[in-house]
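What follows is the residue order along each chain.
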Amino acid sequence: MSWVENMNINLFPMVLVLVVLISNRVKVGKPGSSRVFDLIIIFDFLLMLIDIIGVESAQRLVQGNGMWVVNVVRMLLTVLLTTTWFIYVCLKISLECADRRALAAISAAMVIAVIACFIVLLIPHEYLMQYGLERAGKKLRVCYLGISYLGISMFAASAVVALYGALHEANKEMRTMSIYLIVFSLLPILGVTMQNINQTFRTSSPCLSLAVLYVYITMQNKRVITDSLTGVNNRRELDAYLERRGRQQGQNEWGMLMIDVDDFKQINDSIGHKLGDDALWNVADILRTKFASEGCFVARYGGDEFVVCGEWNSMGEMEHIRAGIEKCVERFNNEKVRPYKLSLSVGIALWSECGCDVTAVLEAADKDMYEQKQMHKERRKSNCEHCNVY
Amino acid sequence: MNIAMYIEANVFPIAALLVIMNNLKRDMSFSWRRHCLEVIMKLTICIMIFNVAGWCLNGVEGQIANTVLWIVNTAYYVFMLYMSFLWFLYVYDKVKNGNGQMGASLIPKAVPMIVCLVMLAAGIVKPLIFYIDGENFYHRGPLHFVSTIVASGYIFAACVMALVGMVRAVEHEMRVQYGLLVLFGVFPLIGGVIQSLVYGLDLLWPFTAAALAMVYINIQQQNVSRDGMTGLNNRRRLDQYVDALSREHLGRESLCYSIMDIDYFKEINDSLGHQTGDKVLCIVAEALKKVYGSTRSFIARYGGDEFVIISRGFDHEQSEYYRRKLEKMIAGLECDELAGRVLTISMGSAFYGECEINQVRDMMELADERMYQVKQEHHKKAEPGCDTL
């Protein structure tokens, strides 16, 4: 294999990861995992660069210390790259280290990486005077394979962590993310194994770059569809969801809840936007904890309105849900000390009763919600003396 | 060059494009440009496959191989021309703000492509652009340069249009977008140059694929920071901007933070329905873009019916001037669904350095307070005459 061929394969992934790195760059207050992701990209890029240099100088039959440097840098980068990938997966699964066990796993991985780096530096010089597995003597072969098995086991460990996440996570979205992470830990393993079997396949780094691209796009996707303040789906995603629902005509019955915060305007105006935001976040949180595990679709519709869609079969069932939400709100008001008291008006509508039309469902739920709101207002008026909300 | 290498060098770009296209499918919002981008990606994938197939079959003996070579190479040229033409249209549409894709004006622009296609078709009688010799080797024809010039000409023209757009654009964000479109043409150029310098490389199409990935990632990036309905910056982007501003802006120039909301929006929403409410938000957002578009302002949708405008270099008079202009424009807005109701807004502004404020976060609070005062006045004014509200 000539170095030109090797370069040809590596240049595209290099440009690709560079593009990803540049678009990931300008972000203020980005989370830790995002920084780790940057590191992965940089290591991957350097690894491909050093591979091009290595193959090129091997072809010019360069020997001696130059080769040693190339080999050592390459091995170190492999160790660092695989370790950062593992750390990244741990961070993602544990939601930025909210879980203590993630910290332990990360520290263990780091210790292993440091030990591996030392071992690499301690390998006698004369072992590392060649580049490439096909030219390697027995000792160099052992070094190369050792490093590549370390890499494979790191990726495998990441896949295991992601699998753990997929099995133990109640939230559906998180589960999908875990599955992605499993797949994209397995892809580099495939690449490395192929390269180990036949050196003419330079698949290890390009496979990893593809994984990087996919993870990045999936990450961005999540940002595109969620509302930044509350973390539930945003309006764009709701519209898309309703369109999908509208197209699968008929068979399945489903219902919609339209939820509005009572007197949100007053909370916002009288005690400030910050607490208004806090109220919205809490409403979203109540809805999320109540519905997300049941596979319902929760979205923020507008300012203080939320929409929940789920597989409910009858009005009676939905009335029941409405009562359930009220209970949750009551519990919130009792448990958490806030300068405001939450109260929600919930409108309900059923798909078949609205003539199987998405706009009609929205309108019906909206109308029902408005009636509820009027009822709440009157109720509040009647016992105004007892319940001084503001 | 080894055929396996050729295949491998093209498999990764194809896989990357497939990943992106798979993701494009999730995006439900249908627009001509999105569709166009999808077609361009499909064409690029096909071109790469034909390219590899052409190399694999080059010099293989037999009549079948000969026929397949003809077909593959013809398809390669047709797709290449069509792809570059589509890219040209894509950029043209972007520069024209979504009004560039339809009508008879397309025909003159397509003439170079049609000429090339005719030349390709004429290849049956007399080879012009390429031919396959008796031993099934591919050769360039006497007029091969025409196809290269036409295809690269379209890309180049697109680059120039994007460059002009970049120079003309006022908003920083638009400039970045056009800049990326210019870069799109540069990628294949670099690939082509390296390819011609180092024999045996095949970089043109992989680099084109990388450029497409760049364009797509950028589109996604915009979606992240943009409010889906109004097209303004969203809350997430606003927070980022304020964070960046707090760190960079050290009182070098005046800074005005304004927050506004639409009076009686809640009532409009409740009485006339959400659809009308959404429409009102959209037309107000349009008015904001028109009024503040030419200034150094950052406009974002804060929440429900609240908008934030951060203007650099504004003093009291300027901010007052633009506020009046905006109020006038909004009062004059026509909207059938509103049933003759006139829209009004309340706006509060805070300035950097005023009341010894030198934190952007504090400015937000002050502006908020002032807006609330203005709102109270509006309500007082409105109450005696108009009790439906």
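Remember, predicted model here, so these are calculated numbers, not experimental data.

Student: Please clarify how the overall build of chain B should be interpreted in this entry.
Tutor: Along the backbone of chain B there are twelve helices and six strands. Relative to its length of 389 residues, chain B is extended, with a C-alpha radius of gyration of 28 Å against a globular reference of 21 Å. Counting only C-alpha atoms and orienting by the principal axes, one finds that chain B spans roughly 95 × 45 × 30 Å. Contacts spanning at least 24 positions in sequence make up 66% of the contacts within chain B whose residues lie at least 6 apart.

Student: It is not clear to me how the overall build of chain A should be interpreted in this structure. Could you clarify?
Tutor: Secondary structure summary: chain A contains twelve helices and four strands in total. Taken over the C-alpha trace, chain A has a radius of gyration of 28 Å; the compact-globule value for 390 residues is 21 Å, which it surpasses by more than 25%. Projected onto its principal axes, the C-alpha coordinates of chain A cover approximately 90 × 45 × 35 Å. Looking at the 390 residues of chain A, the share that counts as buried comes to 42%. Put simply, 67% of the contacts in chain A that link residues at least 6 apart link residues at least 24 apart.

Student: Looking at this model, I keep getting lost on the interface of chain A and chain B. Mind explaining?
Tutor: Accessible area lost on assembly of the parts is the figure often given for the size of an interface. Taken together, the contacts link 40 residues of chain A with 46 residues of chain B. Mapped onto the side of chain A that touches chain B, the elements with two or more residues apiece are α1 (3-25), α7 (204-225), α8 (235-247), α9 (264-271) and α12 (358-382) of chain A. With twelve residues, the top contributor of residues to the side of chain A that touches chain B is α1(A). Residue composition of the side of chain A that touches chain B, by class: 20 nonpolar, eleven polar and nine charged.

Student: Could you clarify how one ought to interpret the domain arrangement of chain B in this entry?
Tutor: Structurally, chain B comprises domain 1 (3-223) and domain 2 (235-385). Taking only C-alpha atoms, the centre of domain 1 of chain B and the centre of domain 2 of chain B are 45 Å apart.

Student: How should I be thinking about the pairing of strand β6 (residues 345-351) of chain B in this particular structure?
Tutor: Taken residue by residue, a regular strand's side chains alternate between the two faces of the sheet. All names here are of chain B. Within β6, seven of the seven residues are buried, which leaves it mostly tucked inside the rest of the structure. Here seven bridges tie strand β3 (residues 255-262) to β6, and the two strands are oriented antiparallel to one another. Note that in β6 the partner of Tyr-257 across the bridge is Ala-350.

Student: Sorry if this is basic, but what is going on with the domain arrangement of chain A here?
Tutor: Taken domain by domain, chain A consists of domain 1 (3-223) and domain 2 (235-382). The centre of domain 1 of chain A, based on its C-alpha atoms, is set 45 Å off from the matching centre of domain 2 of chain A.

Student: Mind showing me how you'd approach the sheet that holds strand β1 (residues 255-261) of chain A here?
Tutor: Think of a sheet as strands paired side by side through backbone hydrogen bonds, with each pair either parallel or antiparallel. All names here are of chain A. Within the open sheet, the four strands sit side by side as β2-β3-β1-β4. Their pairing is antiparallel. Looking at which strands have only one partner, the edges of the open sheet turn out to be β2 (297-300) and β4 (344-350). Strand-to-strand, the axes of this sheet are offset by a mean angle of 20°, without reference to chain direction. As paired strands, β1 and β4 are joined by seven bridges and run antiparallel to one another. Within β4, the residue paired with Asp-260 across the bridge is Ser-345. Its contacts with the sheet put α8 on β2 and β3 (305-310), and the angle it makes with β2 is roughly 135°. The strands touched by helix α10 (residues 273-291) within the sheet are β1, β2, β3 and β4, with β3 carrying the most contacts at an inclination of about 5°.

Student: Explain the confidence of the model for chain B to me, please; I cannot follow it from the model alone.
Tutor: Detail in the predicted coordinates should be disregarded across regions flagged by low pLDDT. All names here are of chain B. With 93% of its residues at a pLDDT of at least 70, chain B reaches an overall mean of 83. Taken as a whole, residues 385-389 scores under 50 in pLDDT and shows three contacts with residues more than four places along the chain or in a different chain. The complex prediction reports pTM at 0.79, with the ipTM value standing at 0.77.

Student: Got a minute to help me understand the nonpolar core in this structure?
Tutor: Generally speaking, nonpolar side chains in soluble globular proteins are found buried as a group. One finds Leu16(A), Val212(A), Leu213(A), Leu81(B), Ala210(B) and Ala213(B) to be the most contacted residues of the largest nonpolar core, which totals 128 residues. Among all residues touching Val212(A), those that are not within four sequence positions of it are Val17(A), Val20(A), Ile40(A), Ile41(A) and Asp44(A).

Student: Which parts of the structure should I look at to understand helix α4 (residues 106-122) of chain B?
Tutor: Since the α-helix turns once every 3.6 residues, residues separated by three or four places project in the same direction. Residues and elements named next belong to chain B. Taking 1.5 Å as the rise per residue, α4 with 17 residues should run 24 Å; its terminal C-alpha atoms sit 24 Å apart, in good agreement. Of all the bends in α4, the largest measures some 40° and sits at Pro-112. All of the buried residues in α4 are Pro-112, Met-113, Cys-116, Met-119 and Leu-120. On its buried face, α4 is in contact with α3 (63-95) and α5 (144-168).

Cut-offs and rules
Residues numbered from 1 in each chain as written. Chains lettered and ligands numbered in written order. Predicted model: local features only at pLDDT ≥ 70, side-chain atom pairs only at ≥ 80, totals over all residues. Helix = DSSP H or I, 4+ residues; strand = E, 2+ residues; numbered from the N terminus. Rg over C-alpha atoms; globule rule 2.2 N^0.38 Å. Contact = placed C-beta atoms within 7 Å. Buried ≥ 20, exposed ≤ 12 C-beta atoms within 10 Å, placed from the backbone. Nonpolar A, V, L, I, M, F, W, Y, C, P; charged D, E, K, R; others polar. Domains from an automatic or database assignment. Pairing = 2+ DSSP bridges. Axes fitted to C-alpha atoms, helices over the stretch in contact; angles between N-to-C directions. pLDDT = per-residue confidence, 0-100. Core = buried A, V, L, I, M, F, W, Y, C linked by C-beta atoms within 7 Å. Expected span 1.5 Å × (residues − 1). Bend = angle between axes of the 7 residues up to and from the residue.

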